[in-house]
Amino acid sequence: AVKSGLMVIDQHRADVRIQYERYVGEIEARAGTTQRVLFPEVVQFSAADEVVLQKILPQLAAIGFELTFLGQRSYAVNGVPAGIEGIDSVQLLQDMVADAVAETAMSDTINHTLALSMARHVAIPHGQVLGNDEMENLVNQLFTCSDVNHTPDGHTILTILPQQDIEQRLGA
(Lines give C-alpha, C1' and ligand atoms only; values in the text may rest on other atoms or scores of the structure.)
Protein backbone atom coordinates (compact mmCIF):
# COMPACT_ATOMS: atom_id res chain seq x y z
CA ALA A 1 0.00 0.00 0.00
CA VAL A 2 1.16 3.52 -0.83
CA LYS A 3 -0.32 6.92 -0.05
CA SER A 4 -2.18 7.18 -3.36
CA GLY A 5 -3.43 3.60 -3.61
CA LEU A 6 -2.05 0.11 -4.10
CA MET A 7 1.27 -0.53 -5.84
CA VAL A 8 1.47 -3.78 -7.80
CA ILE A 9 4.96 -5.03 -8.72
CA ASP A 10 5.79 -7.86 -11.11
CA GLN A 11 8.52 -9.59 -9.10
CA HIS A 12 10.06 -11.35 -12.11
CA ARG A 13 10.35 -8.11 -14.06
CA ALA A 14 11.66 -6.29 -11.00
CA ASP A 15 14.36 -8.92 -10.55
CA VAL A 16 15.25 -8.75 -14.27
CA ARG A 17 15.85 -4.98 -13.83
CA ILE A 18 17.93 -5.55 -10.68
CA GLN A 19 20.03 -8.35 -12.19
CA TYR A 20 20.45 -6.47 -15.48
CA GLU A 21 21.94 -3.44 -13.76
CA ARG A 22 24.21 -5.73 -11.73
CA TYR A 23 25.53 -7.51 -14.85
CA VAL A 24 26.00 -4.30 -16.85
CA GLY A 25 28.07 -2.98 -13.96
CA GLU A 26 30.14 -6.16 -13.81
CA ILE A 27 30.80 -6.12 -17.56
CA GLU A 28 31.82 -2.48 -17.57
CA ALA A 29 34.00 -2.79 -14.47
CA ARG A 30 35.28 -6.26 -15.42
CA ALA A 31 34.31 -7.23 -11.88
CA GLY A 32 32.38 -10.50 -12.21
CA THR A 33 33.19 -13.31 -9.81
CA THR A 34 33.87 -16.77 -11.19
CA GLN A 35 32.91 -19.95 -9.42
CA ARG A 36 34.98 -22.86 -10.67
CA VAL A 37 33.03 -26.01 -11.51
CA LEU A 38 34.08 -29.42 -10.27
CA PHE A 39 33.06 -31.20 -13.47
CA PRO A 40 33.37 -28.95 -16.53
CA GLU A 41 30.66 -29.30 -19.15
CA VAL A 42 31.30 -29.05 -22.87
CA VAL A 43 29.39 -26.61 -25.04
CA GLN A 44 29.47 -26.68 -28.84
CA PHE A 45 28.69 -23.86 -31.24
CA SER A 46 27.97 -23.60 -34.94
CA ALA A 47 30.61 -21.90 -37.09
CA ALA A 48 28.58 -18.66 -37.21
CA ASP A 49 27.98 -18.70 -33.45
CA GLU A 50 31.67 -19.30 -32.75
CA VAL A 51 32.60 -16.16 -34.68
CA VAL A 52 30.33 -14.12 -32.41
CA LEU A 53 31.51 -16.02 -29.33
CA GLN A 54 35.10 -14.99 -30.08
CA LYS A 55 33.99 -11.34 -30.13
CA ILE A 56 32.12 -11.53 -26.82
CA LEU A 57 34.56 -13.69 -24.84
CA PRO A 58 35.90 -10.64 -22.94
CA GLN A 59 32.39 -9.70 -21.81
CA LEU A 60 31.62 -13.29 -20.83
CA ALA A 61 34.83 -13.41 -18.79
CA ALA A 62 33.91 -10.08 -17.19
CA ILE A 63 30.61 -11.58 -15.99
CA GLY A 64 32.42 -14.64 -14.61
CA PHE A 65 32.45 -17.32 -17.32
CA GLU A 66 35.68 -19.23 -17.77
CA LEU A 67 35.84 -21.11 -21.08
CA THR A 68 38.64 -23.22 -22.54
CA PHE A 69 38.81 -23.92 -26.27
CA LEU A 70 38.87 -27.68 -26.94
CA GLY A 71 38.91 -27.58 -30.74
CA GLN A 72 36.19 -28.29 -33.29
CA ARG A 73 34.04 -25.34 -32.04
CA SER A 74 33.84 -26.95 -28.56
CA TYR A 75 34.55 -25.23 -25.25
CA ALA A 76 34.86 -26.50 -21.70
CA VAL A 77 32.92 -24.47 -19.15
CA ASN A 78 35.43 -24.37 -16.27
CA GLY A 79 33.81 -21.53 -14.37
CA VAL A 80 30.46 -19.78 -14.18
CA PRO A 81 29.34 -16.51 -12.63
CA ALA A 82 28.96 -16.83 -8.87
CA GLY A 83 25.35 -17.02 -7.79
CA ILE A 84 23.83 -18.90 -10.73
CA GLU A 85 23.52 -22.26 -9.03
CA GLY A 86 20.86 -24.51 -10.50
CA ILE A 87 20.97 -22.89 -13.95
CA ASP A 88 22.03 -24.90 -16.99
CA SER A 89 25.25 -23.06 -17.89
CA VAL A 90 25.53 -24.71 -21.31
CA GLN A 91 22.03 -23.60 -22.29
CA LEU A 92 22.67 -20.17 -20.81
CA LEU A 93 25.83 -19.73 -22.91
CA GLN A 94 24.09 -20.93 -26.05
CA ASP A 95 21.21 -18.52 -25.44
CA MET A 96 23.56 -15.62 -24.74
CA VAL A 97 25.51 -16.27 -27.94
CA ALA A 98 22.23 -16.58 -29.88
CA ASP A 99 21.10 -13.23 -28.44
CA ALA A 100 24.44 -11.70 -29.41
CA VAL A 101 24.15 -13.14 -32.95
CA ALA A 102 20.77 -11.44 -33.26
CA GLU A 103 22.36 -8.16 -32.18
CA THR A 104 24.29 -6.39 -34.91
CA ALA A 105 25.40 -3.17 -33.23
CA MET A 106 28.47 -2.08 -31.30
CA SER A 107 29.99 -3.09 -27.97
CA ASP A 108 27.64 -1.06 -25.72
CA THR A 109 24.67 -2.82 -27.26
CA ILE A 110 26.40 -6.19 -26.90
CA ASN A 111 26.98 -5.45 -23.20
CA HIS A 112 23.27 -4.62 -22.88
CA THR A 113 22.26 -7.78 -24.76
CA LEU A 114 24.48 -10.07 -22.68
CA ALA A 115 23.44 -8.47 -19.38
CA LEU A 116 19.75 -8.75 -20.29
CA SER A 117 20.15 -12.38 -21.36
CA MET A 118 21.86 -13.25 -18.06
CA ALA A 119 19.27 -11.31 -16.07
CA ARG A 120 16.37 -13.14 -17.70
CA HIS A 121 17.92 -16.52 -16.87
CA VAL A 122 18.72 -15.81 -13.23
CA ALA A 123 15.66 -13.71 -12.29
CA ILE A 124 13.00 -14.99 -9.93
CA PRO A 125 10.71 -17.25 -11.99
CA HIS A 126 7.09 -16.22 -12.62
CA GLY A 127 4.83 -17.61 -9.93
CA GLN A 128 7.54 -18.23 -7.31
CA VAL A 129 6.20 -17.33 -3.90
CA LEU A 130 8.43 -15.01 -1.88
CA GLY A 131 8.43 -14.47 1.86
CA ASN A 132 7.86 -11.02 3.35
CA ASP A 133 11.58 -10.41 3.88
CA GLU A 134 12.36 -11.48 0.31
CA MET A 135 9.64 -9.19 -1.07
CA GLU A 136 10.87 -6.26 1.01
CA ASN A 137 14.46 -6.87 -0.12
CA LEU A 138 13.36 -7.05 -3.77
CA VAL A 139 11.42 -3.78 -3.52
CA ASN A 140 14.33 -2.05 -1.77
CA GLN A 141 16.76 -3.24 -4.47
CA LEU A 142 14.35 -2.19 -7.22
CA PHE A 143 14.15 1.35 -5.88
CA THR A 144 17.94 1.68 -6.10
CA CYS A 145 17.82 1.00 -9.86
CA SER A 146 18.11 3.69 -12.51
CA ASP A 147 14.59 2.94 -13.83
CA VAL A 148 12.10 1.39 -11.43
CA ASN A 149 9.22 1.48 -13.88
CA HIS A 150 10.50 -0.55 -16.83
CA THR A 151 12.61 -3.58 -17.63
CA PRO A 152 15.60 -3.00 -19.90
CA ASP A 153 13.46 -4.13 -22.86
CA GLY A 154 10.59 -1.76 -21.98
CA HIS A 155 8.06 -3.90 -20.08
CA THR A 156 6.22 -2.29 -17.17
CA ILE A 157 7.47 -3.39 -13.74
CA LEU A 158 4.96 -1.67 -11.49
CA THR A 159 1.66 0.12 -11.53
CA ILE A 160 -0.34 1.98 -8.92
CA LEU A 161 -4.07 1.38 -8.59
CA PRO A 162 -5.51 4.66 -7.27
CA GLN A 163 -7.45 4.46 -4.01
CA GLN A 164 -10.60 5.90 -5.60
CA ASP A 165 -10.52 3.22 -8.35
CA ILE A 166 -10.28 0.49 -5.70
CA GLU A 167 -13.18 2.01 -3.74
CA GLN A 168 -15.24 2.38 -6.92
CA ARG A 169 -14.63 -1.27 -7.91
CA LEU A 170 -15.57 -2.46 -4.45
CA GLY A 171 -18.70 -0.29 -4.44
CA ALA A 172 -17.63 1.77 -1.46
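Right above here is the structure, for reference.
Residues numbered from 1 in each chain as written. Predicted model: local features only at pLDDT ≥ 70, side-chain atom pairs only at ≥ 80, totals over all residues. Heavy atoms only, no water.

A. Molecular detail of the overall build of the chain. Assigned secondary structure in the chain consists of 6 helices and 5 strands. Each helix and strand of the chain, placed in order from N terminus to C terminus, yields the pattern β-α-β-α-β-β-α-α-α-β-α. Along the three orthogonal principal directions, the C-alpha set of the chain runs to about 70 × 35 × 25 Å. For the chain, the residues scored as buried account for 38% of the 172 residues in total. Summed over its atoms, the accessible surface of the chain is roughly 9,900 Å², and 52% of this surface lies on carbon and sulfur atoms. (Helix = DSSP H or I, 4+ residues; strand = E, 2+ residues; numbered from the N terminus. Buried < 20%, exposed > 50% of the residue type's maximum accessible area, 1.4 Å probe, protein only. Areas by Shrake-Rupley, 256 points an atom, 1.4 Å probe, with all protein chains shown as cover.)

B. Region of the structure containing the environment of Leu60. Mapped onto the fold, Leu60 is located in helix α2 (residues 47-63). Of the residues examined, Leu60 reaches a relative accessible area of 1% and is grouped as buried. The spatial distance from the C-alpha of Leu60 to the C-alpha of Leu138 is 26 Å, given a sequence separation of 78 residues. With residues up to four places along the chain from it excluded, the contact list for Leu60 reads Leu53, Phe65, Leu67, Leu93 and Met96. (Contact = heavy atoms within 4.5 Å.)

C. Just the side chain of His12, in detail. Position of His12 relative to the elements: it lies in helix α1 (residues 11-29). Classification of His12 as buried rests on a relative accessible area of 15%.

The values reported here are purely geometric and, on their own, carry no functional implication.
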